[in-house]
Amino acid sequence: MAEIIVVTSGKGGVGKTTSSASIAIGLARRGHKTAVIDFDVGLRNLDLIMGCERRVVYDFVNVVNGEATLKQALIKDKRFDNLYVLAASQTRDKDALTREGVEKVLKDLAADGFDYIVCDSPAGIEKGAFLAMYFADKAVVVVNPEVSSVRDSDRIIGLLDSKTRRAEAGETVPSHLLLTRYSPARVASGEMLSIADVEEVLGLKALGVIPESTDVLNASNKGEPVILEGESEAGQAYDDAVGRLLGEERPLRFTTLEKKGFFSKLFGG
């Protein structure tokens with residue numbers, strides 16, 4: 001049975017698509033057959049970050065409308081044989097997706113033997129975001145450690161608790177916090193909320209903390225999800241997060257300021 005993971009947030013620009021791509025890569029790299037779906041109809045970005053934008057022929061809406069088969073629309077990743085991308089439409093509006101259509105696609109993927117389906121949600125609470133979370137078995141809530149992002153994500157957690165298939169059945173969607181663009185230096189100077197602050201406000205434990213890094217943007221521009229950058233702290237942090245998602249015990253890294261040594265202090269380094 002496929003496990004459906006929604007990657008969501010209340011605020012745009014916090015790194016959902018980057019996170020969806022890296023989580024999908026991390027799962028596939030561990031041997032799990034994985035599909036990642038872009039629910040952001042009209043604003044397609046997942047294919048760019050996954051490096052398959054030139055290979056999109058049919059999209060998610062084509063499949064929902066019966067204009068293409070799922071097999072025709074799924075794009076097989078060139079790096080991992082067990083990873084597939086289903087792109088969003090750039091030309092349709094937000095109402096192009098239906099609950100029935102999304103459910104059929106998810107059921108067909110499960111029938112095709114997929115272990116994980118990662119749903120890359122648009123920001124906010126419009127229809128695409130609602131459909132991305134409705135069928136979720138787990139949620140990864142992506143948050144920047146600043147007040148507006150935390151406040152908006154609190155609203156999303158409320159929807160996960162009340163407007164999903166599991167909620168309708170009297171169950172909960174297990175939700176995990178993924179903090180992105182975290183800077184220990186800015187936390188120390190009071191410019192940014194700490195991990196403990198965000199955990200306390202949202203009532204969620206941190207699944208991962210991704211350090212602020214130019215590696216993320218550079219990787220996205222190359223169509224290589226940052227998790228594939230083995231030397232990058234951000235890439236390693238994403239791999240840690242995927243490990244924890246699968247039940248592995250991993251310490252949080254890259255979350256504290258490095259103490260300066262004697263010579264650094266002496267020479268002002």
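As shown above, the structure is provided for reference.
Just so it is clear, the model here is predicted, and its values are computed rather than measured.

Cut-offs and rules
- Residues numbered from 1 in each chain as written.
- Predicted model: local features only at pLDDT ≥ 70, side-chain atom pairs only at ≥ 80, totals over all residues.
- Heavy atoms only, no water.
- Helix = DSSP H or I, 4+ residues; strand = E, 2+ residues; numbered from the N terminus.
- Rg over C-alpha atoms; globule rule 2.2 N^0.38 Å.
- Buried < 20%, exposed > 50% of the residue type's maximum accessible area, 1.4 Å probe, protein only.
- Contact = heavy atoms within 4.5 Å.
- Areas by Shrake-Rupley, 256 points an atom, 1.4 Å probe, with all protein chains shown as cover.
- Lys, Arg positive; Asp, Glu negative; His and termini not counted.
- Charge placed at Lys NZ, Arg CZ, Asp CG, Glu CD.
- Pairing = 2+ DSSP bridges.
- Axes fitted to C-alpha atoms, helices over the stretch in contact; angles between N-to-C directions.
- 1 Å grid on protein atoms, 1.4 Å probe; cavity = no way out; pocket = protein on both sides within 12 Å on 5 of 7 lines; lining within 4 Å.
- Points joined across faces, edges and corners; volume = space filled by probe spheres on them.
- Nonpolar A, V, L, I, M, F, W, Y, C, P; charged D, E, K, R; others polar.
- Core = buried A, V, L, I, M, F, W, Y, C linked by side-chain atoms within 4.5 Å.
- Arc of directions from axis to C-beta.
- Expected span 1.5 Å × (residues − 1).
- Left-handed = near helix turned anticlockwise from the far one by under 90°.

Caption draft 1: How the structure looks around the overall build of the chain. Looking only at helices and strands, one finds 13 helices and 8 strands in the chain. What you see for the chain is a C-alpha radius of gyration of 19 Å, in line with the 18 Å of a compact globule of 269 residues. With the C-alpha coordinates of the chain rotated into their principal frame, the extents come out at 70 × 40 × 35 Å. Each of the 269 residues in the chain was classed as buried or not, and the buried ones make up 54%. For the chain, restricting intrachain contacts to residue pairs at least 6 apart in sequence, the fraction spanning at least 24 positions comes to 74%. On the chain, roughly 12500 Å² of surface is accessible, and the fraction owed to carbon and sulfur atoms is 49%. Side chains of the chain give 34 positive and 40 negative charges; the mean places of these two sets differ by 2 Å.

Caption draft 2: Molecular detail of the sheet that holds strand S4 (residues 83-86). The strand order across the open sheet built from 8 strands is S3-S4-S2-S5-S1-S6-S7-S8, with neighbouring strands paired in mixed fashion. The sheet is open, and its two borders are formed by strand S3 (75-76) and strand S8 (206-211), each paired with just one other strand. Direction of pairing for strand S1 (residues 3-8) relative to strand S6 (residues 138-143): parallel, over a ladder of 4 bridges. Along S6, the bridge assignment pairs valine 7 with valine 140. Packing of helix H10 (residues 195-202) onto the sheet brings it into contact with S6, strand S7 (175-182) and S8, and relative to S7 it is tilted by some 145°.

Caption draft 3: View of the layout of surface pockets. The space that makes up the largest pocket amounts to roughly 490 Å³. Along the wall of the largest pocket there are 28 residues; nearest its centre are Gly15, Lys16, Thr17, Thr18 and Arg181. Counting residues per element, the ones that place at least two in the lining of the largest pocket are helix H1 (16-29), helix H2 (46-49), S7, S8 and helix H11 (214-221). The greatest single-element share of the lining of the largest pocket, amounting to 4 residues, is contributed by H11. Classifying every residue of the lining of the largest pocket gives 11 nonpolar, 11 polar and 6 charged.

Caption draft 4: The arrangement of the nonpolar core in detail. Phe39, Phe60, Leu86, Leu97 and Leu109 are the most contacted members of the largest nonpolar core, which totals 51 residues. Of all the elements, helix H7 (residues 147-162) adds the most residues to this core, at 5 residues. With sequence-adjacent residues up to four places away left out, leucine 86 is seen in contact with Val36, Ile37, Asp38, Asp59, Phe60, Val63, Leu70, Ala73, Leu74 and Val105. Membership of the second largest hydrophobic core comes to 37 residues, among which are Leu46, Val216, Val226 and Ala237.

Caption draft 5: Representation of H10 within the structure. By the burial criterion, the buried members of H10 are Ile195, Val198, Glu199 and Leu202. Projected onto a plane normal to the axis of H10, the buried residues spread over an arc of 100° and lie on a single side. Among the exposed residues of H10, those pointing more than 90 degrees away from its buried face are Glu200 and Val201. In this structure, the buried side of H10 is in contact with S6, H7, S7 and S8. One or two steps after H10, the chain reaches glycine 203, where phi turns positive at roughly 70°.

Caption draft 6: Layout of H7. With 16 residues, H7 extends 23 Å from end C-alpha to end C-alpha; this agrees with the ideal 22 Å at 1.5 Å per step. Considered for burial, the residues of H7 that qualify are Ser149, Val150, Ser153, Ile156, Ile157, Leu159 and Leu160. Projected onto a plane normal to the axis of H7, the buried residues spread over an arc of 165° and lie on a single side. Exposed and oriented more than 90 degrees from the buried face of H7 are Val147 and Arg151. Elements that come into contact with the buried residues of H7 comprise S1, helix H6 (127-134), S6, helix H8 (165-168), S7 and H10.

Caption draft 7: Geometry of the side chain of threonine 18. Within the secondary structure, threonine 18 sits in helix H1. By relative accessible area, threonine 18 is classed as buried at 13%. The contacts of threonine 18, once residues within four sequence positions are left out, are Ile49, Val216, Ser220 and Tyr238.

Caption draft 8: Representation of the packing of H1 against helix H12 (residues 233-245) in the model. For the pair H1 and H12, the least separation of the axes is 9 Å and the interaxial angle reads 65°. You can see that H1 and H12 cross each other, and the crossing is right-handed. Here Thr18, Ser19, Ser22, Ile23, Gly26, Leu27 and Arg29 of H1 lie close against H12, whose contacting residues are Tyr238, Asp239, Val242 and Leu245.

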